[in-house]
Amino acid sequence: MLFNSFDFAVFFPLVFILYWACSKNLKVRNIFLLLVSYVFYGWWDWRFLFLIIFSSFLDFHLGSLIYKEPKEKRKKLYLLLSLIFNLGFLVYFKYFNFFIETFVEAFSLFGTQLHIETLNIILPVGISFYTFQTLSYTIDIYRKQLKPTKDVISFFAFVSFFPQLVAGPIERAAHLLPQFSKLYKFDYDKAKSGFFLILYGLFKKMVIADRLALYVNEVYADPTAYNGLSTIVATVFFAVQIYCDFSGYSDIAIGIARSMGFDLMKNFDTPYFSKSITEFWRRWHISLSTWFRDYVFIPLGGSRKKEFRVYLNLFIVFLVSGLWHGASMNFIIWGALHGLFIVLEKCNNTKKFFIFNSYGLIIKILNKIYIFILVCFAWVFFRADTIGKSIDIINTIFSFRVNDFSNGLLNKAIDGKDLKVAFVVILILFVVELFQQKNDLYKILQRKNIIIRWSLYTMLILSIVVFGIYGDYDESQFIYFQF
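Residues numbered from 1 in each chain as written. Predicted model: local features only at pLDDT ≥ 70, side-chain atom pairs only at ≥ 80, totals over all residues. Heavy atoms only, no water.

A. Examining the overall build of the chain more closely. When helices and strands are tallied, the chain shows 20 helices and 0 strands. The buried share of the chain, taken over its 483 residues, is 54%. Pairs at least 24 apart in sequence give 76% of the contacts found in the chain among residues at least 6 apart. In the form shown here, the chain has an accessible surface area of approximately 23900 Å², with 67% of it arising from carbon and sulfur atoms. (Helix = DSSP H or I, 4+ residues; strand = E, 2+ residues; numbered from the N terminus. Buried < 20%, exposed > 50% of the residue type's maximum accessible area, 1.4 Å probe, protein only. Contact = heavy atoms within 4.5 Å. Areas by Shrake-Rupley, 256 points an atom, 1.4 Å probe, with all protein chains shown as cover.)

Following this line, the structure appears as structure tokens:
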């Protein structure tokens, strides 16, 4: 079920009303949340409900065994079982065919043709997200940072909580699980704040991301048919598209949870205003980057090792992050590029190869533009279907000429009016993001009079209705559903 679908427009109001109607009883409330979460997830394919139920059942019991077990070897064995089963499911559904294809291609380089058929495997929606979420539970118990819950309903509801189930934020058990043990009372201010986030998230998804996708999809489908300027515009559009698509989902998820009394972590913090790649990853997909920091980078030795080992650890983390995003060499290259950028940045900070003596406004702006260019360059590999297309796009970008402005290819990909709307909404987003670096838009609005507030709410609703892009499931789904 998509947040931007008619089904959800019917589903959520019913859930919201019934949730608060049964909120006087904690157990009934959690059972209700569990059932509606399973309905929400099963809307795609009910068969995969058995997978999430099994993962929940397994980690609930393994968490208890880890906590009670006095012997360290057995604790490690129980944790290993959790890792094997959870990551095993993830590897099978997401990477099995990729590993077979890579294996066959590797042998073909030596002149040996292997005939191994791939399997017709359907990727369960959200498996990468809820796998990492449930793993945080058993790992934190093993580290003695968390006590296991005895409430099986609360735990199952935590794993399958429908607002953030399929695309995050990836919540830690220590943060979200205790919230299922609290009996919330309806809070009008929280609900109002949540509804505003839902509205703003839908605006970012339907008005900005899906509109930019019209142009991006056309150019990236056949990059050799467009000039350098068109390809540069498509790449910048994709950078904005994926941000609005993913942060829009996070806003809606946080808003839905908040309207029901729950608090989800912030997942984005104006990442394109970052002054370094390190800062970018502190602001982009925060729940994933902190997960990799705590459960991959630190176990590898973190920053406690010698300089070269720290750099290697960082590179490994980003390589794994690229693979987490998808079973494709393009995603691995994307992760490797960010790993390389991070390592070079750390080297520069240590060795002082490049030092800016001036820290004025112009230097800061140029530095942010430079970081944005690096991120956009890496996005080429993330968005392109194959390595070959990635190379075509990069070659086309570097073929940019000044006369590209006059040949009209910008309007060739989509209608000129749609293109103008795209530039206008990007400008609006830029102003809002610039403003939100130091201010919370919703809190500022609450200090304004009711006419100003409701004028903005009305404008958001009308812009979604008039300028929103409506399509079938494949056209309207969120980008990160495929991960």
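Alright, that's what it looks like, and here's the rest.
B. Examining unusual backbone geometry more closely. The phi angle at lysine 144 is positive, at roughly 65°, despite the residue not being glycine. For threonine 270, which is not a glycine, the phi torsion comes out positive at approximately 40°. In this fold, threonine 270 is placed in the loop between α9 (228–259) and α10 (277–283). Accessibility expressed as a relative area gives 5% for threonine 270, which makes it buried.

C. Just the environment of leucine 434, in detail. Structurally, leucine 434 is set in helix α17 (residues 416–436). Assessed through its relative accessible area of 42%, leucine 434 is described here as partly exposed. Sequence-wise, leucine 434 and phenylalanine 273 are 161 residues apart; in three dimensions their C-alpha atoms are separated by 8.1 Å.

D. Main features of the packing of helix α8 (residues 188–221) against helix α19 (residues 450–467). Taken N-terminus to C-terminus, the directions of α8 and α19 make an angle of 35°; their axes are 10 Å apart at the nearest point. Between α8 and α19 lies a crossing whose hand is left-handed. Of the residues in α19, those in contact with Phe196, Leu199, Leu202, Phe203, Met206, Val207 and Arg211 of α8 are Leu456, Tyr457, Leu460, Ile461, Ser463, Ile464 and Phe467. Of the residues belonging to the contact of α8 with α19, the class tally is 12 nonpolar, 1 polar and 1 charged. (Axes fitted to C-alpha atoms, helices over the stretch in contact; angles between N-to-C directions. Left-handed = near helix turned anticlockwise from the far one by under 90°. Nonpolar A, V, L, I, M, F, W, Y, C, P; charged D, E, K, R; others polar.)

E. Molecular detail of the side chain of histidine 285. Residue position: histidine 285 is located in the loop between α10 and α11 (286–297). Since its relative accessible area comes to 0%, histidine 285 is described here as buried. Excluding residues within four positions of it along the chain, histidine 285 makes contact with Phe129, Ile170, Phe246, Asn267, Phe268, Trp324 and Tyr480.

F. View of the environment of alanine 167. Relative to the helices and strands, alanine 167 is located in the loop between α6 (152–160) and α7 (173–176). C-alpha separation for the pair alanine 167 and isoleucine 479, spaced 312 residues apart in sequence, amounts to 9.3 Å.

G. View of the packing of aromatic side chains. Counted under the stated rule, the structure contains 63 aromatic pairs. When the centroid spacing of 3.8 Å and the interplanar angle of 15° are considered together, the rings of phenylalanine 132 and tryptophan 291 count as stacked. Of the two residues, phenylalanine 132 sits in helix α5 (residues 127–142) while tryptophan 291 sits in helix α11, which places them 159 residues apart along the sequence. Assigned by exposure class, phenylalanine 132 and tryptophan 291 land together as buried. On the basis of an interplanar angle of 40° and a centroid distance of 5.6 Å, the ring pair of phenylalanine 273 and phenylalanine 430 is categorised as tilted. A residue pair is termed long-range when its members are at least 10 positions apart, and phenylalanine 273 in the loop between α9 and α10 and phenylalanine 430 in helix α17 qualify at 157 residues. Since its relative accessible area comes to 42%, phenylalanine 430 is described here as partly exposed. (Phe/Tyr/Trp six-rings, centres within 6.5 Å; stacked < 30°, edge-to-face > 60°.)

H. Layout of the side chain of glutamine 133. Here glutamine 133 lies in helix α5. Of note is the side chain of glutamine 133, whose polar atom sits 2.8 Å from the side chain of glutamine 164. In this structure glutamine 133 touches Phe158, Val159, Gln164, Pro169, Ile170, Glu171 and Leu176, once residues within four positions along its chain are discounted. (Polar contact = N/O pair within 3.5 Å; in protein donor to acceptor, adjacent residues only side chain to side chain.)

I. Examining the packing of α8 against α17 more closely. The contact between α8 and α17 brings their axes to 10 Å, and the two run at 140°. When the interaxial angle is binned, α8 and α17 end up oblique. Along this stretch, α8 crosses α17, giving a crossing that reads as left-handed. Contacts between α8 and α17 involve Tyr200, Lys204, Val207, Ile208, Arg211, Leu212, Leu214 and Tyr215 on the former and, on the latter, Asp418, Leu419, Val421, Ala422, Val425, Ile426, Leu429, Val432 and Glu433. In terms of residue class, the contact of α8 with α17 is built from 13 nonpolar, no polar and 4 charged. (Parallel < 35°, antiparallel > 145°, perpendicular 65-115°, else oblique.)

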